[in-house]
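The lines below spell out each chain.
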Amino acid sequence: EAQVTQNPRYLITVTGKKLTVTCSQNMNHEYMSWYRQDPGLGLRQIYYSMNVEVTDKGDVPEGYKVSRKEKRNFPLILESPSPNQTSLYFCASSLFPGSVANYGYTFGSGTRLTVV
Amino acid sequence: RKEVEQDPGPFNVPEGATVAFNCTYSNSASQSFFWYRQDCRKEPKLLMSVYSSGNEDGRFTAQLNRASQYISLLIRDSKLSDSATYLCVVNNDMRFGAGTRLTVKP
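Residues numbered from 1 in each chain as written. Chains lettered and ligands numbered in written order. Predicted model: local features only at pLDDT ≥ 70, side-chain atom pairs only at ≥ 80, totals over all residues. Heavy atoms only, no water.

### Here we look at the sheet that holds strand E8 (residues 70-75) of chain B
All names here are of chain B. Spatially, E1-E3-E8-E7-E6 is the arrangement adopted by the five strands of the open sheet, whose pairing is antiparallel. Across the chains shown, the open sheet's two edge strands, defined by having one partner strand only, are strand E1 (4-6) and strand E6 (55-57). For this sheet, the mean angle separating the axes of adjacent strands, direction not counted, is 20 degrees. Pairing of strand E3 (residues 19-25) with E8 involves six bridges; the strand directions are antiparallel. Looking across to E8, one finds that Asn-22 is bridged to Ser-72. (Pairing = 2+ DSSP bridges. Helix = DSSP H or I, 4+ residues; strand = E, 2+ residues; numbered from the N terminus. Axes fitted to C-alpha atoms, helices over the stretch in contact; angles between N-to-C directions.)

### Points about the side chain of Thr-111 of chain A
Residue and element names in this part refer to chain A. Locating Thr-111 in the fold gives a position in strand E11 (residues 111-115). One polar contact links the side chain of Thr-111 to the main-chain carbonyl oxygen of Pro-8, over a distance of 2.6 Å. Other than its neighbours up to four places away in sequence, Thr-111 contacts Gln-6, Asn-7, Pro-8, Arg-9, Val-21, Ser-87, Leu-88 and Tyr-89. (Polar contact = N/O pair within 3.5 Å; in protein donor to acceptor, adjacent residues only side chain to side chain. Contact = heavy atoms within 4.5 Å.)

### Some thoughts on the interface of chain B and chain A
Taken together, the 19 residues of chain B in the interface contact 19 residues of chain A. With both chains or domains summed, chain B and chain A bury close to 1400 Å², and 54% of this area falls on carbon and sulfur atoms. On inspection of chain B and its partner chain A, the count reaches zero salt bridges. Put simply, the parts of the chain that give the side of chain B that touches chain A at least two residues each are strand E4 (33-38), strand E5 (45-49) and strand E10 (95-96) of chain B. Top contributing element to the side of chain B that touches chain A by residue count: E4 of chain B, with three residues. Across the side of chain B that touches chain A, the residue classes tally to eight nonpolar, five polar and six charged. (Buried area = accessible area lost by both parts, 1.4 Å probe. Salt bridge = Lys/Arg side-chain N within 4 Å of Asp/Glu carboxyl O. Nonpolar A, V, L, I, M, F, W, Y, C, P; charged D, E, K, R; others polar.)

### Brief notes about the nonpolar core
Within the largest apolar cluster, 23 residues are counted, with the highest numbers of intra-cluster contacts made by Phe-21, Trp-35, Ile-71, Leu-73, Ile-75, Tyr-86 and Leu-102 of chain B. Counting residues per element, the ones that place at least two in this core are E3, E4, strand E7 (60-65), E8, strand E9 (84-90) and strand E11 (100-105) of chain B. Formed by 19 residues, the second largest nonpolar core is a distinct cluster that contains Val-21, Cys-23, Tyr-47 and Leu-78 of chain A. (Core = buried A, V, L, I, M, F, W, Y, C linked by side-chain atoms within 4.5 Å. Buried < 20%, exposed > 50% of the residue type's maximum accessible area, 1.4 Å probe, protein only.)

Below is the structure:
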């Protein structure tokens, strides 16, 4: 089954403890992206990647890192999480950058992160 | 002004009603538009693309008004299962609106 898989689905952590949220897709998609969703603000893009080893900042990159060492994986790293990073996170992918405009995204199931 | 704006609702309608949502955008060069549906605490799923000439998929009709810079989604004969948040998405870099919440009641 074609899908985007995120892990974990739920995570409660403490301020300052480094964490990684994994994202993997099995569709050979070139384009991958991370969003956070907060009430009243909708989805905001954190980082995106157009291909292996090519990553760029989105609208809200502060406090996050990403890597794209292989096509299928796009982990989101919080080196020192803070309470304002408590949010619902979605990973998404599309066949190639231009195809987002035509076909939209496939989203992962989301990761609900709470930082206390 | 936000790049993409939606009325957050909630819209509470009875079954069988017709309901419409609008979404305004600020970038006049925007070329691509979508409506996504998001159920509570789940991932957004593509509902339909919005084409310049307007398009229909069953009970759902999407339209684009470039002159006034908005897209719309019309749902006819609402079902209980249509209850969800509807997100509009504009432009190649996928700018999401904050969503409009719809509740269809028996």
